[in-house]
Amino acid sequence: MSGAAAVAVAPAEVEGDGGSRQAEPVLRVEGLTKRFPVRRGWFEMLRRPWQREYVPALQGVSFDVAAGEFFGLLGPNGAGKTTLFKILSTLILPDAGTAVVAGNDIVRRPAAVRQVLTPVIADERSLYWRLSARENLRLFAALHGLRGREAETRVEELLRVVALADTGEKMVGSFSSGMKQRLLIARALLSRPRILLLDEPTRSLDPLSARDFRTFLREEVAGHQGCSVILATHSAEEALNLCDRLAVLRKGELLAIGAAEELARRYGEERYRLWLRDDELWRHVLARQTTGGVRLIESRSRDGGSKENVYQREDGWVRVEVEIRGGRERTAALLTELNSAGVVVAGLERMDLTLAELLDRILYRSAGGGDA
Amino acid sequence: MHRVMALVRARALTAASYRVQMSLSVVSLLVGIVPLYFITGALQPVMADTIRAEGGHYFGFVLVGTVAFYFLSAAVNLLPGEIGSDLRTGTLEAVLSTPTRLAELVSGMIGFGLLWTTLRALIVLTVGWLLGVQVAWSQLPAAAVVIGLLILAYLPFGLMGSASLIAFRTAGPLARGILFASTLLGGIYYPTRVIPSWIQDLSSLIPLTYGLQALRRILLEGASLVAVAEELGILVVFVVVLMSGGALALWLALRYARRAGTLAQY
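Per chain, residues are indexed from 1 in the order of the written sequence. The naming scheme follows written order: chains are lettered A onward, ligands numbered 1 onward. Only residues with pLDDT of at least 70 get local features here, since the model is predicted, and only at 80 or more are side-chain atom pairs given and counted; chain-wide, interface and lining totals rely on the full set of residues. Side-chain numbers come from the whole structure's heavy atoms, not from hydrogens or water.

(A) Just the packing of aromatic side chains, in detail. Any pair of Phe, Tyr and Trp rings, taking the six-membered ring for Trp, is counted once the centres come within 6.5 Å. Such a pair is stacked with planes under 30 degrees apart, edge-to-face with planes over 60 apart, and tilted for the rest. This structure, assessed with the given rule, holds 9 aromatic pairs over all chains. Considering the side-chain rings of Phe63 of chain A and Phe71 of chain A, the 4.9 Å spacing of their centres and the 10° angle between planes classify their relative orientation as stacked. Partly exposed residues are those whose accessible area sits between 20% and 50% of the maximum for their type, while under 20% is buried and over 50% is exposed, using a 1.4 Å probe and protein chains only. The class for Phe63 of chain A is buried, based on a relative accessible area of 2%. Judged by its relative accessible area of 0%, Phe71 of chain A is buried. Arranged with centres 5.2 Å apart and planes meeting at 80°, the rings of Tyr37 of chain B and Phe59 of chain B form a pair that is edge-to-face. In this pair, Tyr37 of chain B is assigned in helix H2 (residues 19-47) and Phe59 of chain B in helix H3 (residues 58-89), connecting sequence segments 22 residues apart. Overall, the relative accessible area of 32% leaves Tyr37 of chain B in the partly exposed class. Under the DSSP-based scheme used, a helix requires at least four consecutive residues in state H or I and a strand at least two consecutive residues in state E, with every element numbered from the N terminus.

(B) Layout of the pattern of salt bridges. All names here are of chain A. Note on definitions: salt bridges are taken to be side-chain nitrogens of Lys or Arg within 4 Å of carboxyl oxygens of Asp or Glu. Within the structure shown, the criterion is met by 22 salt bridges over all chains. Residue Glu169 is joined to Arg134 by a salt bridge in which the shortest nitrogen-to-oxygen separation is 2.7 Å. With Glu169 in the loop between helix H5 (148-161) and helix H6 (177-189) and Arg134 in helix H4 (residues 133-143), this residue pair connects regions lying 35 residues apart in the sequence. On the accessibility criterion, Arg134 (10% relative accessible area) is buried. Here Arg319 and Glu321 are joined by a salt bridge, their closest N and O atoms 3.9 Å apart. Taken as a pair, Arg319 and Glu321 share a single burial class, namely buried.

(C) Geometry of the side chain of Lys180 of chain A. Residues and elements named next belong to chain A. Looking at where Lys180 falls in the secondary structure, it is placed in helix H6. Residue class for Lys180 comes out buried when judged on its relative accessible area of 5%. Aside from chain neighbours lying at most four places away, what touches Lys180 is Glu124, Leu127, Trp129, Val172, Gly173 and Phe175. Here, two residues are considered to be in contact whenever any of their heavy atoms come within 4.5 Å of each other.

(D) Expanded view of the interface of chain A and chain B. Listed per partner, the contact involves 32 residues of chain A and 29 residues of chain B. Two parts placed together each lose some accessible area under a 1.4 Å probe, and adding up what both lose gives the buried area. Carbon and sulfur atoms make up 59% of the area that chain A and chain B hide from each other, which totals about 2800 Å². Of all residues in chain A, Leu91, Arg130 and Leu143 of chain A give up the largest surface area on contact with chain B, accounting jointly for 25% of the area buried on that side. Here chain A is connected to chain B by 2 salt bridges. With its nearest N and O atoms 3.8 Å apart, the salt bridge here joins Glu93 of chain B to Lys86 of chain A. Polar contacts, as used here, are pairs of N or O atoms within 3.5 Å; protein pairs need one atom able to donate a hydrogen and one able to accept it. Residues neighboring in sequence count only if both atoms are side-chain atoms. Counting across the interface, chain A meets chain B through 9 residue pairs in polar contact (both at pLDDT 80 or more). Broken down by secondary-structure element, the contributors of at least two residues to the side of chain A that touches chain B are strand E2 (27-37), helix H3 (110-116) and H4 of chain A. In terms of residue count, H4 of chain A provides more of the side of chain A that touches chain B than any other element does, 6 residues in total.

Next comes the structure, spelled out in structure tokens:
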């Protein structure tokens with residue numbers, strides 16, 4: 001794997017590193033913009049037939065991906081990840097901006113782009129269920145221009161790689177979800193693409209299969225095949241363990257881009273866990289601090305998206321989480337203030353953010369919550 | 001060509017996996033000929049004079065008309081059917097993400113359907129021959145040329161239906177309208193010259209009219225391609241004009257769907 005974690009070309013408005021990459025990027029996206037018309041009801045269409053309303057799907061998105069890099073795309077549903085993938089796959093035309101894949105513009109040379117970039121369509125129905133796994137791969141090998149012995153060798157090689165060689169003659173309709181996902185990956189790798197687009201590839205896999213699949217992606221796809229991977233995911237494990245860099249999208253805007261640790265540092269360094277005597281005094285004291293860059297965290301997102309209360313009580317003590325902006329000086333000042341007010345502090349430790357919390361932080365700040 | 005063959009093969013294997021459906025399709029074909037044989041036999045005395053120029057044998061006359069209808073129905077319906085099916089299953093998106101060209105995709109999608117139609121047509125002709133129709137088997141290559149032109153003349157309506165499906169998610173009434181008009185005015189069950197004069201002119205705008213005239217003379221009378229050159233010439237004009245319109249419609253629909261973001265979205 002390339003260690004392309006540190007540097008990224010990012011648009012000026014994005015809170016991210018702005019240097020230039022050392023290697024020529026295999027994908028360069030600049031100012032990509034797309035909007036879709038809002039679907040209207042019959043009455044509205046008759047009332048104002050010529051008026052069209054649009055919803056932005058991508059708003060000036062710019063980034064680049066280096067050869068062999070694992071690039072994660074994060075964001076809530078409707079953030080624009082799938083639209084971005086479909087534009088890169090040449091299935092949707094952008095309204096503005098450009099994307100160049102291995103030197104080929106996606107609008108001017110779509111066929112050349114499809115030679116080097118392959119989307120892994122996560123929908124199992126995109127396989128031919130009445131054909132065997134082997135026949136599915138043979139078909140797509142031919143569609144990618146592979147012939148004869150070369151095609152057969154590649155098909156057999158990939159069936160082995162995804163551990164489907166023994167079941168290659170079975171009809172795909174009888175496969176489990178995990179087997180279908182592996183076949184989808186094998187299909188995408190047929191043409192030895194330089195870029196692979198993966199849209200939530202493990203969403204229908206059990207935890208063990210998902211773990212194996214991630215190992216496969218890291219070792220085989222990015223390692224042996226040297227393929228750049230753009231991965232849209234909601235899974236913290238995938239994003240943090242696989243991706244060299246992460247980009248966060250919301251409502252079509254690129255909010256942040258950088259290595260996971262760097263984003264966590266940038267957005268999560270002010271999060272602390274305090275153990276306090278549970279006498280309710282602490283709540284009044286902390287509540288008074290909100291204007292001084294201290295915020296009491298009441299709840300946080302689980303990775304699944306639901307909220308959980310952060311307080312934990314134990315033997316007369318309570319564990320609370322606070323965000324302290326202002327560095328160590330402000331943290332020291334808070335401890336002094338707590339002591340002066342009679343709040344007994346038993347411990348203070350800095351917290352690591354989960355992916356969901358990191359996302360929450362990035363989205364919160366981009367929505368203007370930076371000074372809270 | 002390699003990509004076309006791969007798509008045809010995949011569709012053939014898929015169709016073959018539905019064994020009962022495939023067997024029933026052949027059985028129903030054979031069963032359907034029997035009533036046609038008896039009905040045309042009963043009408044033979046009435047129709048004999050009218051179809052004297054086309055061999056005078058009414059069962060043979062209708063049989064060739066039926067065979068031609070199989071092909072034009074396939075040309076009009078196959079592509080929208082395949083695209084609709086691939087849109088529903090999601091395979092269209094996967095295929096469109098490969099470097100396959102549009103012409104290869106269209107040919108590959110309808111290729112197996114046309115081969116299957118050819119097999120059905122040969123079965124029907126063989127059964128007809130066994131039941132007494134004088135089929136000029138030696139002229140099959142010439143008949144294939146006419147059928148090829150008929151397919152190419154009707155395929156544009158399939159392209160237009162597919163364009164409508166891609167752009168608006170419905171193939172619309174075009175296919176049914178074209179097939180209805182061709183059945184009524186193209187001379188499948190009666191020669192076009194018996195149609196009332198005020199609509200007879202309309203039949204001259206139907207490619208099937210010329211295709212069937214040529215096909216009947218070739219298959220039932222053993223005429224050569226040179227003997228039906230006039231009908232072939234008119235068919236070629238239909239092909240050139242209609243194919244331009246069909247290809248343009250499909251190209252525009254794909255462009256519209258790519259802009260609207262609805263390509264490969266059901």
